[in-house]
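Architecture at a glance
Chain by chain, the residues:
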Amino acid sequence: MNIITCIKQVPASSNVKVDSNTGVLIRESNNVKMNPYDLYGLETAFQIKEMKESVDIHAVTMGPPSAKQVLEEALYMGADEATLVSDRRFAGADVLATSYTLSQLIDHISNYDMIICGKQTTDGDTAQVGPEIAEFLNIPHVPYVVDIIEINRDGIVVKSTYDTYDEIVSVKFPCLLTLDKGSQVPRLPSYKRKQIMKTHQIETITLDDLDDQNPNHYGLNGSPTQVEEIFPPDKRSDSIQIKGSNKEVTKEIMDILAKNRYL
Amino acid sequence: MTYKILTKEDIATLGRIVGTEHIILKKDIAIDLTHDELGAVSAYPEIVIEVNQTKQVSAIMKYAFQEHIPVTVRGSGTGLVGACVPIEGGILLDMTKLNNIIELDPINMTLRVEPGVLLMEIAEYVEKEGYFYAPDPGEKSATIGGNIATNAGGMRAVKYGVTRDWIRGLEVVLPNGETIQTGGKIVKNSSGYAIKDLIIGSEGTLGIITEATLKLIQKPKKSVSMLIPFLNREDAIEAVPQVISAHSLPTAVEFLEASSLRFSEEFLGKRIPHANYDAYLLISFDGTTQSQIDSDVDIISDMCVNQLGAIDVYLVDTEERMSSVWSARGAFLEAIKASTTEIDECDVVLPREYIGPYLAFTDALSQELGIRIPYFGHAGDGNLHIYFCKDDLSDGVWQKKRDIGFEKMYEKAFTYGGLVSGEHGIGYVKKTYLEKQVGQTQIKLMQGIKKVFDPTNILNPGKIT
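Attention in this report is confined to the structure presented alongside it. Since we're looking at a predicted model, the values are computed, not measured.

With that settled, consider the environment of B:Asp317. Here B:Asp317 is to be found in the loop between strand S15 (314-316) and helix H10 (319-330). Put simply, B:Asp317 and B:Ser225 are 92 residues apart on the chain and 6.3 Å apart in space, counted from C-alpha to C-alpha.

Okay, here's the thing in structure tokens:
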């Protein structure tokens, strides 16, 4: 069984800097990490590998050459293979162009039963890239997966969680899943695996290697949407002081929690 | 010693010093103010006084000195040895509202604070300015005054030392109400007896800290931890001295065991990566460049896997990973507390080489006494936290087993050259063990020092000696 996991390098903290002229995120090479949701995706793939025989996990990412760092990390965590898709002509890609590029890369790799993505990235937050890859590849997808229930010879049964309900879905291979935080505890990069994998060649694929070589389908040219502004999330914390007897204070706290639907 | 019982006139005078809204009288005193976090000893004061100025502390002490009223100082009450419990009644001085950060001095790299500032507030304040106050005791809601009074240690002691190493100066109100400055923004001090260092660790028995000048350094830019599983405790503990004597200086070297991790997982309701091994070391490095840290990590990883029998070395290098692993370590005390009906703790510190044999002794004692004794510890500095759990024992059986057990634990520690307390202090509940360890001559020296500072024994009486 062949699993492709799509991962991404994202800023390590939400205190990101934005170029005031271009509105583009300034990506600092020393302040990056793997997208946290991709860790759930990878861990799910590793757990499938532990459950089934002959599972091969192939991590892929799109980005500048420095994005190889997250691929190395995936190899040190347990991935068998890693590929970077990188080309200056991919720069400025929006969700659609990114999904198309990754679908072209996956077409190029060609041999897969399942694609696993994190449900979203912490820098873009759209949760659309995974589903759009599936659409370009013309395969079914299941978003917001939190648990693998069963793996059969020709398909998989998974549990997805939405705001107000859960869904159990059975889907045939090949398919794409986007992973949310569930019961997985992402493993850590291993020094022993690093020793084994540090000489492993990570292949770089460019536009010239892909089936569709029309540059207008990639990067800024292939992006129907443009980002007007990027800014760090608003940090706000309000505090109120409640006074009264123990009983009054307790009641008021419970009322506030109930009113705001924490209970 | 008998002390004056507060009269209406005393209460009125004290009320005039701070304002009547800042005093609480016996019937209104919350039970939480009668004990510390461990609660092994408790007592009601006659009055709780909330202070927010040094001159109030001074005026209260002048009056208490004149009237012979005992005074006990309290911060957040997170201590574990009963040091802030007013066992003789009298006045309980609540310092938590004397909590201003006065000045960050970038030239001398110092921070002046009032004693009620919380440890977590200091970290947040200095780190956003690019500075670092290195002591890192586990209890972040403790006040800095309490940290200084116990000479608190924490996880980063291996590299950065303990609270004492980070205190440049103190303002102290003496038992007679007089205010002194000792030390200052200076780096060196060879000027007479080290009064500042006597106050540090004196657990509120010599004077009342009303201001402290802390040393700061530039904040390390990078920090990485490694979770290192071993086949068993012996292998993990034996690795510690080798790791520390390698050419890299870790910030923290913590020892974790499967059973303590289980408590944390249950308590926090979340799982920890790679939690399926018997024993671990959790080692951290910090520094100014990634390449320096990478090199340290490589040296230690190679050594652990290839020479010291580690099963693997797992890298804990992002905020999420740090939080998942360190939150488990940070929750040990609370988790162990939540797992039983009552605990008592032993905070011994040993030369590093004896940690292994001492823990083996602890396990054997647990078997012998038939009580559960989980533990964890700062393996890098030899400071262990060992918890006797009451579980479903009756009060009588528990007290008997605990007393026999503690006696044996301390006796063993002393034969290894260990001390009663690494970082939690002596307070009220560890007095007998201190006396056994240091002997009459040193106890008399300590009593003599106490007498010079506090001739009428009104400040936190009944503690330490």
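Now that the structure is up, let's keep going.
Each side of the interface is counted separately: chain B has 17 residues, and chain A has 13 residues. Only helix H9 (290-306), S15 and H10 of chain B provide two or more residues apiece to the side of chain B that touches chain A. Partitioning the side of chain B that touches chain A into residue classes produces eight nonpolar, four polar and five charged.

Residues and elements named next belong to chain B. The strand order S1-S2-S4-S3 describes an open sheet built from four strands, whose pairing is mixed. What marks the edges here is a single partner per strand, and that holds for strand S1 (23-25) and strand S3 (71-74). If you compare each strand with its neighbour and ignore which way they point, the axes differ by 20° on average. Strand contacts of helix H1 (residues 8-18): S1 and strand S2 (47-50), with the helix running at about 15° to S2, the strand carrying the most contacts. Seen against the sheet, helix H2 (residues 54-67) touches S2, S3 and strand S4 (91-94) and runs at an angle of roughly 170° to S4.

A few words on the sheet that holds strand S8 (residues 167-173) of chain B. Residue and element names in this part refer to chain B. A sheet is described by the order of its strands in space; here five strands give the open sequence S5-S6-S10-S8-S9, paired in antiparallel fashion. Edge positions in the sheet fall to strand S5 (101-105) and strand S9 (179-183), since each of these pairs with one other strand and no more. Geometrically, the sheet is characterised by an average inter-axis angle of 15° between neighbouring strands, direction not taken into account. Relative to strand S10 (residues 208-215), S8 runs antiparallel, the two sharing six bridges. Residue Ile167 lies in a different strand from S10, and its bridge partner there is Leu214.

Procedures and definitions
Residue positions are given per chain, counting from 1 as you read along its sequence in written order. By the order in which they are written, chains take letters starting at A while ligands take numbers starting at 1. For a predicted model such as this one, the threshold for reporting local features is a pLDDT of at least 70, and the threshold for listing and counting side-chain atom pairs is 80 or more; totals across whole chains, interfaces and linings nevertheless cover every residue. Strands are runs of DSSP state E lasting at least two residues, helices are runs of H or I lasting at least four, and both sets are numbered from the N terminus onward. Placing C-beta atoms from the backbone, we regard two residues as in contact once those atoms come within 7 Å. Following the grouping adopted for this structure description, the nonpolar residues are Ala, Val, Leu, Ile, Met, Phe, Trp, Tyr, Cys and Pro, the charged ones are Asp, Glu, Lys and Arg, and the polar ones are all others, Gly among them. Pairing between strands requires that DSSP locate at least two bridges from one strand to the other. To get an axis, fit a line to the C-alpha atoms, keeping to the stretch in contact for a helix; angles then go from 0 to 180 degrees between the N-to-C directions.

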